[in-house]
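What follows is each chain in one-letter form.
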Amino acid sequence: MLSTEDYDLCHQLVTKLASESYSSLNYLFLEPVDTTYFPTYDTIISRPMDLGTLRRLLEERETYKTIEEFFSDLMLTFQNAINFHSDIKDNAWIVKLAKDMTKLVNREWKAALQKRSKQWDATPAVTTTTTTTT
């Protein structure tokens, strides 16, 4: 299970990525793919992922043991879109959105990890002293 700090980092990130602030980029990735529009999706994509499902899995607190597992599923959301739509010329705009979201994720992930690192650096170290008597 994720530590409280790692859970908070991941939850803040998925909340930010799914927020109204990024609505021009995230709207295709908030819910599972509608297979009535893309009936072959489940035959091509073996592990579908979207931001809503990712948040639900995170909030269950049992799915992700590490932040790397969470990040892998986060990136899977956009990699699936790229993989499915890359060969469909009319869907190039979807691939562009997925690539733009990938860039955003990488930037936000890096910032979140740097913030976490600074918080750890600011935490006072516990030191122990040993006294010997002669």
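Higher on the page you've got the structure.
All values derive from a computational prediction rather than experimental measurement.

Asks: Lay out the nonpolar core in plain terms, naming residues and giving numbers.
Replies: Leu51, Phe70 and Leu74 are the most contacted members of the largest nonpolar core, which totals 34 residues. Those elements that place two or more of their residues in this core are helix 1 (4-17), helix 4 (51-60), helix 5 (67-85) and helix 6 (92-122). For this core, the leading source of residues is helix 6, giving 9 residues. Residues contacting Phe70, with those up to four places away along its chain left out, are Cys10, Leu13, Val14, Leu54, Leu58, Tyr64 and Trp109.

Asks: I'd like a description of the pattern of salt bridges, backed by residues and values.
Replies: Going through the model one piece at a time under the given rule, you end up with 5 salt bridges. Here Arg56 ties to Glu60 by a salt bridge, and the two come within 2.9 Å at their closest N and O atoms. You can see Arg56 and its partner Glu60 sitting in helix 4, 4 residues apart, about one turn around the helix. Exposure remark for Arg56: the relative accessible area of 43% places this residue in the partly exposed category. With relative accessibility at 41%, the residue Glu60 sits in the partly exposed group. For Lys96, the salt bridge is made with Asp100, and the minimal N-O distance between the two is 2.8 Å. Residue Lys96 and its partner Asp100 are located together in helix 6, separated by 4 residues, close to a single helical turn.

Asks: Go over the side chain of Asn80 with me, naming the residues and quoting the values.
Replies: By the element assignment, Asn80 lies in helix 5. Those residues in contact with Asn80 that lie beyond four places of it in its chain are Tyr41, Ile45, Arg47, Pro48 and Met49.

Asks: Please give an account of unusual backbone geometry that cites residues and values.
Replies: For Arg61, which is not glycine, the phi dihedral falls at a positive 65 degrees. Mapping Arg61 onto the fold places it in the loop between helix 4 and helix 5. Judged by relative accessible area, which is 32%, Arg61 ranks as partly exposed.

Asks: How would you explain the environment of Phe38 if you had to name every residue and give the values?
Replies: Within the secondary structure layout, Phe38 lies in the loop between helix 2 (23-26) and helix 3 (41-44). Sequence spacing of Phe38 and Phe84 is 46 residues, and the spatial spacing of their C-alpha atoms is 9.5 Å.

Asks: Explain the side chain of Asp73 residue by residue, including any values.
Replies: Summarising the element assignment, Asp73 is placed in helix 5. Residue Asp73 is classed as buried on the basis of its relative accessible area of 5%. A distance of 2.3 Å separates a polar atom in the side chain of Asp73 from a polar atom in the side chain of Arg47. In this structure, Asp73 is in contact with Arg47, Met49, Leu54, Leu57 and Tyr64, ignoring residues within four places of it in sequence.

The rules behind the values
Residues numbered from 1 in each chain as written. Predicted model: local features only at pLDDT ≥ 70, side-chain atom pairs only at ≥ 80, totals over all residues. Heavy atoms only, no water. Core = buried A, V, L, I, M, F, W, Y, C linked by side-chain atoms within 4.5 Å. Buried < 20%, exposed > 50% of the residue type's maximum accessible area, 1.4 Å probe, protein only. Helix = DSSP H or I, 4+ residues; strand = E, 2+ residues; numbered from the N terminus. Contact = heavy atoms within 4.5 Å. Salt bridge = Lys/Arg side-chain N within 4 Å of Asp/Glu carboxyl O. Polar contact = N/O pair within 3.5 Å; in protein donor to acceptor, adjacent residues only side chain to side chain.

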